[in-house]
Amino acid sequence: MAAASRRPDPPPADVCAAIEAVMGVAQTSLDGGTTTAAQLLDRARGLTRLQNLVAAELARTVARAESVDAAYADGLTGMKPWLRGHAHLSGPEAAAVLAAGRLAVRMPAVGAGAAAGGITPGQLAVIGRILTADVWATGDAAGADLPALDRLVAETALHAPRTLFAVCQQIVDALDPDGAPPVDPTEGRGLRISRRADGSRAIRGQLDAAGGEQVEAALEAIAAAGRCEGDLRSRDQRAADALVQLAALHLAAGDLPMLRKVKPQVTALIQLEDLADPDTRPAATRLGSGATTSNTVARQVACDGDVARILLGPDGLPLDVGRAHRLVPAHIRRAAEVRDGGCVFAGCHAPAWWCAAHHLVHWIDGGQTSLANTALLCERHHTQVHHGYRLQWDPDDGCRRTYRPDGREVITGVLTDTTGEPIDHRREPGPHLVDRSG
């Protein structure tokens, strides 16, 4: 496949000029003693303004892209998932950019201050969190002078930033003295589990009063039952251990709902010699979530679990069931989960348990029910592939590429330099845990 066929559209001329100017600044040496302390501080102030300018322009561009449904061109439903999958922003970062763009439309004076480089992304986040679209709509319905309030907030952010929170809160109290209407307390529930590169998790969330009582009672019961004399764990450690134990109990009992026609389970892919090795070998195991960790974790999983052999070759587990079976069986799906890790559509981060097993060559068109003819796709992108989008295996890069209905490739990452050449847009395959050298 020629590289030219994968070239994205180059950035507009104004963006190219801005990139070239910043690159020129970045190449300036700060060593040698020719730059004074005052110049370094002024440089930092100037670069801070430049950072604000870029953030505001990105937000403005994203808001405009949202208004014209531009993300649909890359097979996504909105700019937040596009920013995550294509610009590699985290979920909170993408949400902040989108919120800043919407705020600039709703409050043009604040938007102008940001566009001039005087209002920071952090200040925009504070304003947007307090002066929400609902609050602004309430003020509009009450006949409030919204342009004057907009100018007040912008002036406060520019000249009295320490009072910004208080001023915004005073405006909310004036526009909506009754406060928000009562809502179902369970609507405030939220839980986010973030996976780190080493497979560990960070958990953050909140529960309503009743839900919190139930969860705390369950964890406290398990934590108390597991305490013994000489237990030196902190309260936080006991609570975390109790949460893991609660999950382990239900997984072992098999009373959890089915997940994609398979009972939920913890899986680990490891070579047999690494599993048998008592010494720790880092990065020897790939968990079902896609995280890579040591063989010690696999030994822990295998201690009270089944050990199944999956060989990606003719002498191992049969990965081709021919045309007699239309639905992908469990062993092929497990192998696809190991290989793909999640949705293979460019820019999508959906985990494996969200995905359906898709026949690349449709079964009705003669496609085999085999690992080679199977790819994991989330529901959204499964629909897209059945309506004009196309997946194609690239043997040179060892990954799948995604193409729009018009034949152009969907490219992710920091797309281009100023000449339009791609920069690191390839979807790299995961490390091979099976030795194929022999």
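Just so it is clear, the structure is predicted and the values come from calculations on it, not from any experiment. (Residues numbered from 1 in each chain as written. Predicted model: local features only at pLDDT ≥ 70, side-chain atom pairs only at ≥ 80, totals over all residues. Heavy atoms only, no water.)

What follows concerns the sheet that holds strand β5 (residues 292-293). Spatially, β3-β4-β5 is the arrangement adopted by the 3 strands of the open sheet, whose pairing is antiparallel. Across the chains shown, the open sheet's two edge strands, defined by having one partner strand only, are β3 (268-269) and β5. The sheet contact formed by β3 and strand β4 (residues 285-287) spans 2 bridges and is antiparallel. Bridging across to β4, Ala268 finds its partner in Leu287. (Pairing = 2+ DSSP bridges. Helix = DSSP H or I, 4+ residues; strand = E, 2+ residues; numbered from the N terminus.)

Taken as a whole, the chain shows an average pLDDT of 79; of its residues, 79% reach a score of 70 or greater. Low pLDDT, under 50, characterises residues 425-438; the predicted model gives this stretch 28 contacts beyond four residues in sequence or across chains. (pLDDT = per-residue confidence, 0-100. Contact = heavy atoms within 4.5 Å.)

To continue, consider the pairing of strand β2 (residues 201-206). Burial of β2 is sparse: only 0 of the 6 residues sit out of reach of the surface. Bridge count between strand β1 (residues 190-195) and β2: 6 bridges; the pairing is antiparallel. The residue of β2 that forms the bridge with Gly190 is Gln206. Hairpin connection, β1 to β2: the antiparallel pair is bridged by 5 residues, and Gly199 has positive phi, about 95°. (Buried < 20%, exposed > 50% of the residue type's maximum accessible area, 1.4 Å probe, protein only.)

Tracing the chain through its elements places Leu246 in helix α11 (residues 235-253). Leu246 sits in the partly exposed class, given a relative accessible area of 27%. Beyond its immediate stretch of four places on either side in the chain, Leu246 contacts Leu219 and Ile222.

Right, let's talk about the pattern of salt bridges for a bit. Per the stated rule, a full pass over the model turns up 11 salt bridges. Residues Asp394 and Arg401 are paired through a salt bridge, measuring 2.7 Å at the closest nitrogen-oxygen approach. What makes Asp394 buried here is its relative accessible area of 1%. Connected through shared salt-bridge partners, Asp394, Arg401 and Glu409 make up one network. (Salt bridge = Lys/Arg side-chain N within 4 Å of Asp/Glu carboxyl O.)

Take a nonpolar patch on the surface next. A contiguous nonpolar surface patch, about 350 Å² in accessible area, is contributed by Val22, Val25, Leu47, Leu50 and Val54. Position of Leu47 among the secondary structure elements: in helix α2 (residues 37-67). Looking at Leu47, the relative accessible area reads 38%, which means it is partly exposed. (Patch = residues over 30% accessible without salt bridge, like charges linked within 9 Å, V, L, I, M, F, W, Y side chains within 5 Å. Areas by Shrake-Rupley, 256 points an atom, 1.4 Å probe, with all protein chains shown as cover.)

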